[in-house]
Amino acid sequence: MGADFDVDAVRADFPILQRQVGDRPLVYLDSAATSQKPVQVLDAVERYYRQSNSNVHRGAHTLGNEATELFEGARRRVAAFLDADPRGLVFTRNATESLNLVAASCSP
Ligand SMILES: Cc1ncc(COP(=O)(O)O)c(C=O)c1O
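Residues numbered from 1 in each chain as written. Predicted model: local features only at pLDDT ≥ 70, side-chain atom pairs only at ≥ 80, totals over all residues. Heavy atoms only, no water.

Asks: Tell me what's going on with the overall build of the chain, and back it up with residues and numbers.
Replies: When its secondary structure is counted, the chain shows four helices and two strands. The helix and strand sequence of the chain, counted from the amino end, reads α-β-β-α-α-α. Against the 2.2 N^0.38 benchmark of 13 Å for 108 residues, the chain shows a C-alpha radius of gyration of 18 Å, more extended than a compact globule. Overall size of the chain, expressed as C-alpha extent along the three principal axes, is 50 × 40 × 30 Å. Across the 108 residues that make up the chain, the buried fraction comes to 14%. In the chain, of all internal contacts separated by at least 6 residues, the share reaching a separation of at least 24 is 10%. One way to put it: in the chain the 12 positive side-chain charges average out to a point 6 Å from where the 14 negative ones average out. (Helix = DSSP H or I, 4+ residues; strand = E, 2+ residues; numbered from the N terminus. Rg over C-alpha atoms; globule rule 2.2 N^0.38 Å. Buried < 20%, exposed > 50% of the residue type's maximum accessible area, 1.4 Å probe, protein only. Contact = heavy atoms within 4.5 Å. Lys, Arg positive; Asp, Glu negative; His and termini not counted. Charge placed at Lys NZ, Arg CZ, Asp CG, Glu CD.)

Here it is as structure tokens:
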């Protein structure tokens, strides 16, 4: 991390890191098991469940179309971030499922 990495600004994005554990600020080092969420993610998830929650790729109605567009928009943004083709992106639930999928894809 460079000198321009503002740890306090990053911590401020994570509401859970405002907690104290005992008399100390929470430091969380178990991100491989469960990642904590910044306020931007919490807000997006809440907005989704309040306004658009529905069936991605399966709903022939307004909410289903919105949910699908949000899902595919996320795919396009992740692909752009990775400089990848969106058609090559597969969303999975977690690291274990991803590795199992890669292993199963490689087996004869
Ligand atoms: C250190 C570590 N790595 C990887 C994983 C895999 O997590 P998941 O498959 O839920 O993404 C875990 C889960 O607890 C973990 O603790």
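Asks: For the pattern of salt bridges, give the residues involved together with the corresponding values.
Replies: The final tally for this structure, using the stated rule, is five salt bridges. The closest approach of N and O atoms between E46 and R50, which form a salt bridge, is 2.5 Å. Of this pair, E46 and R50 are both found in helix α2 (residues 39-51), four residues apart, which corresponds to roughly one turn of the helix. Judged by relative accessible area, E46 falls into the partly exposed class, the value being 39%. Of the residues examined, R50 reaches a relative accessible area of 67% and is grouped as exposed. Salt-bridge contacts for R76 lead to E69; the nearest nitrogen and oxygen are separated by 2.5 Å. With a relative accessible area of 44%, E69 lands in the partly exposed category. (Salt bridge = Lys/Arg side-chain N within 4 Å of Asp/Glu carboxyl O.)

Asks: So what's going on with unusual backbone geometry? Residues and values would help.
Replies: Non-glycine residue H57 carries a positive phi angle of around 65°. By the secondary structure assignment, H57 is in the loop between α2 and α3 (62-82). A positive phi angle, close to 55°, is found at D83, a residue other than glycine. As for its position among the elements, D83 is in the loop between α3 and α4 (95-106). According to the relative accessible area criterion, D83 is exposed, its value standing at 74%.

Asks: Please give an account of the packing of aromatic side chains that cites residues and values.
Replies: On inspection of all chains with the given rule, the structure shows two aromatic pairs. An angle of 80° between the planes, with centres 5.4 Å apart, marks the rings of Y48 and Y49 as edge-to-face. Both rings, one in F71 and one in F91, keep their centres 5.4 Å apart while their planes meet at 80°; by these two values the pair is edge-to-face. A residue pair is termed long-range when its members are at least 10 positions apart, and F71 in helix α3 and F91 in the loop between α3 and α4 qualify at 20 residues. For F91, a relative accessible area of 38% corresponds to the partly exposed category. (Phe/Tyr/Trp six-rings, centres within 6.5 Å; stacked < 30°, edge-to-face > 60°.)

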